[in-house]
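Below are the chains, spelled out letter by letter.
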Amino acid sequence: MQSVGVECQFRVDGRVMVRRIRLEGQWRPVEQGRQWVDHEGRHVLIMQPGQPAEELLLRKETMTWGLRPLGHAPQLV
């Protein structure tokens, strides 16, 4: 999973509104899809212009954001 910077707003109802992400030193706008919370943390589906959908994950242990392609296999530790 790739670490990524995220500009977002946390709403009072607990949902996250992602505005853009920082990859390779550049801020990139995103469109946001659904989101959910599980044992890993908060997941948010996003799309960068002209790119396939990806998954942002706000890890609950570290409160850091990661980015991974959809269809990943979960890691067991």
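That block above? That's the structure.
This write-up is about the structure you can find in this document. The structure displayed is predicted, hence computed values, not measured ones.

**Remarks on the sheet that holds strand β2 (residues 5-10)**
Okay, so step 1: Sheet architecture is open: 3 strands sit in the order β2-β3-β4, paired in antiparallel fashion. Two strands bound the open sheet, and with one partner strand each, they are β2 and β4 (26-29). Going from strand to strand, the sheet's axes swing by 25 degrees on average, the running direction of each strand aside.
Okay, so step 2: Note that strand β3 (residues 16-23) and β4 share 4 bridges and pair antiparallel. Counted as the bridge partner of Arg20 is Pro29 from β4.

**Concerning the nonpolar core**
Okay, so step 1: Judged by nonpolar contacts, the single largest core of 13 residues is most densely connected at Val4, Val18, Ile21, Leu56 and Trp65.
Okay, so step 2: For this core, the secondary-structure elements that each account for two or more residues are β3, β6 (41-47), β7 (54-59) and β8 (65-69).
Okay, so step 3: Top contributing element to this core by residue count: β3, with 4 residues.
Okay, so step 4: Apart from the residues lying within four places of it in its own chain, the contact partners of Ile21 are Val4, Gly5, Val6, Gln26, Trp27, Arg28, Val30, Ile46, Gln48, Leu56 and Leu67.

Rules of the game
- Counting restarts for each chain: residues are numbered from 1 in the order of the written sequence.
- Under the rules for a predicted model, residues below a pLDDT of 70 receive no local features and side-chain atom pairs below 80 are neither given nor counted, while totals for whole chains, interfaces and linings still include all residues.
- Heavy atoms throughout the structure, all of them, feed into the side-chain values; hydrogens and water do not.
- Following DSSP output, two strands are said to pair if at least two bridges run between them.
- Counting from the N terminus, the helices are DSSP H or I runs at least four residues long and the strands are E runs at least two residues long.
- Here the axes come from fitting lines to C-alpha atoms, over the contacting stretch only for helices, and the angles between their N-to-C directions go from 0 to 180 degrees.
- To qualify as a nonpolar core, a set must consist of buried Ala, Val, Leu, Ile, Met, Phe, Trp, Tyr and Cys residues joined through side-chain atoms within 4.5 Å.
- Using a 1.4 Å probe on the protein chains alone, a residue whose accessible area is under 20% of its type maximum counts as buried, one over 50% counts as exposed, and one in between counts as partly exposed.
- By the convention used here, residues are in contact when the closest approach between their heavy atoms is within 4.5 Å.

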